[in-house]
Amino acid sequence: MFQRWPADSGEELLVRLGSLTARARELAETQRSRVELAVALQRGMLPPDLPSPPGVRLAVGYMPANHGLNVGGDWYDAFTLPDGHIGMSIGDVQGHNIEAAAFMGQVRVGLRALASVTGDPGELLARTNDLLVSLGADLFATCTFLRLDPAAGTLECARAGHIPHIWATADGRSGIDDGEGGPPLGVLRGVEYPVTRHRLTTGGVFVLLTDGVVEGPSLPLDDGLDQVMRLAGITAVAGLDVDALATAVMKLASTVGHEDDAAVLVVGHGGGTAWPGRRRGKRLDGGSSPPVGPPPNG
């Protein structure tokens, strides 16, 4: 036999469904607001402009994750040090939430503040690490810090648990830096960060990345690094603009199938008095552009 339901059962069910739907919409709106807040927080902490000393060209790319609450703490930064050198950092905070984005701001500000005390990349990372450990945060960050001498064309670099950087020269050489690094920032007090040194040569590039650019479900890390190295090599040999390289690298990031942030910072020669003898080249869109510049000499 068919069971008879009270006449008001259908109305009660509709009321409950309406209540659940309203609650789901409220939760979705709250989630969207949290994501928008985190993305705004991230973008607000990135530098509004980049240094442009004679002979140097910088280009950046940035793509925040925005799937669900997967908003992380990738960053890039570049600024002029008190001695006229250029300090550059790129990094990635553990986690994908508002807390990670906020911690990213602490790391970036800490690096800038301590860079006024010491410009040595290894000492700077060591001091920043001790500061973060003393704050007792539950998060940690990987980071690469670079100090560039625009006049001499030299780079000094230290890494804290971060993926390696990539270089390419105008004569067709390229590579992935295999210099020794230290542990991530904010984990262990009193650790040391070795410094590697590079000589910039005319017509090359130096590429800093976060792992969201080169690693994901669709792309293993080693393959991603190889693809960026190939792009850097083409840029250096063909004399393309560093902005074109940054754009091409970010296009790669959109294909790796990840839900992570992605950031890239490219260092090149942008004209001026340093490192003379550059050649002019073509942009990827076919127009003319100033040639790209000095990479590390591997």
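Residues numbered from 1 in each chain as written. Predicted model: local features only at pLDDT ≥ 70, side-chain atom pairs only at ≥ 80, totals over all residues. Heavy atoms only, no water.

## Brief notes about the sheet that holds strand β10 (residues 262-268)
Taken in spatial order, the five strands of this open sheet run β1-β10-β9-β6-β7, and their pairing is antiparallel. Single-partner strands in this sheet number two, and they are β1 (57-63) and β7 (174-176). The sheet shows a mean angle of 15° between the axes of neighbouring strands, taken without regard to direction. Helix-sheet contacts for helix α5 (residues 221-238) involve β6 (166-168), β7 and β9 (205-209), and the interaxial angle to β6 is about 30°. (Pairing = 2+ DSSP bridges. Helix = DSSP H or I, 4+ residues; strand = E, 2+ residues; numbered from the N terminus. Axes fitted to C-alpha atoms, helices over the stretch in contact; angles between N-to-C directions. Contact = heavy atoms within 4.5 Å.)

## Topic: the environment of Ile-163
Relative to the helices and strands, Ile-163 is located in the loop between β5 (154-160) and β6. As a C-alpha pair, Ile-163 and Asp-177 span 14 residues in sequence and 9.4 Å in three-dimensional space. Excluding its chain neighbours within four sequence positions, the residues that come into contact with Ile-163 are Thr-144, Leu-209, Thr-210, Asp-211, Val-214 and Leu-221.

## Here's the deal with a negative patch on the surface
On the surface, Glu-215, Asp-222, Asp-223 and Asp-226 cluster together into a negatively charged patch. For Asp-226, the position within the fold is in helix α5. (Patch = residues over 30% accessible without salt bridge, like charges linked within 9 Å, V, L, I, M, F, W, Y side chains within 5 Å. Areas by Shrake-Rupley, 256 points an atom, 1.4 Å probe, with all protein chains shown as cover. Salt bridge = Lys/Arg side-chain N within 4 Å of Asp/Glu carboxyl O. Lys, Arg positive; Asp, Glu negative; His and termini not counted. Charge placed at Lys NZ, Arg CZ, Asp CG, Glu CD.)

## Notes on the nonpolar core
Membership of the largest hydrophobic core comes to 44 residues, with the highest contact counts inside it found for Trp-75, Met-88 and Leu-125. Counting residues per element, this core draws most heavily on helix α2 (residues 98-115), at seven residues. Look past the residues within four positions of Leu-125 in its chain and what remains in contact with it is Leu-111, Cys-143, Phe-145, Ala-158, Arg-159, Ala-160, Leu-185 and Tyr-193. (Core = buried A, V, L, I, M, F, W, Y, C linked by side-chain atoms within 4.5 Å. Buried < 20%, exposed > 50% of the residue type's maximum accessible area, 1.4 Å probe, protein only.)

## Digging into the packing of α2 against helix α3 (residues 121-135)
Interhelical geometry of α2 versus α3 gives an angle of 135° and a closest axis separation of 10 Å. Regarding the angle of α2 to α3, the classification is oblique. The handedness of the crossing between α2 and α3 is right-handed. Of α3, the residues touching α2 (which contributes Phe-103, Gln-106, Val-107, Gly-110, Leu-111, Leu-114 and Ala-115) are Leu-124, Leu-125, Arg-127, Thr-128, Leu-131, Leu-132 and Leu-135. Classifying every residue of the contact of α2 with α3 by side-chain character gives ten nonpolar, three polar and one charged. (Parallel < 35°, antiparallel > 145°, perpendicular 65-115°, else oblique. Left-handed = near helix turned anticlockwise from the far one by under 90°. Nonpolar A, V, L, I, M, F, W, Y, C, P; charged D, E, K, R; others polar.)

## Side note on the pairing of β9
Within a regular beta strand, the side chains point alternately toward one face of the sheet and then the other, so they alternate between its two faces. The buried fraction of β9 amounts to five of the five residues, a majority that puts the element mostly inside the structure. In this sheet, β9 lies alongside β6 in antiparallel orientation, the contact comprising three bridges. Within β9, the position partnered with Trp-167 by the bridge is Phe-206. Here β9 runs beside β10; their pairing, made up of five bridges, is antiparallel. Counted as the bridge partner of Leu-208 is Leu-265 from β10.

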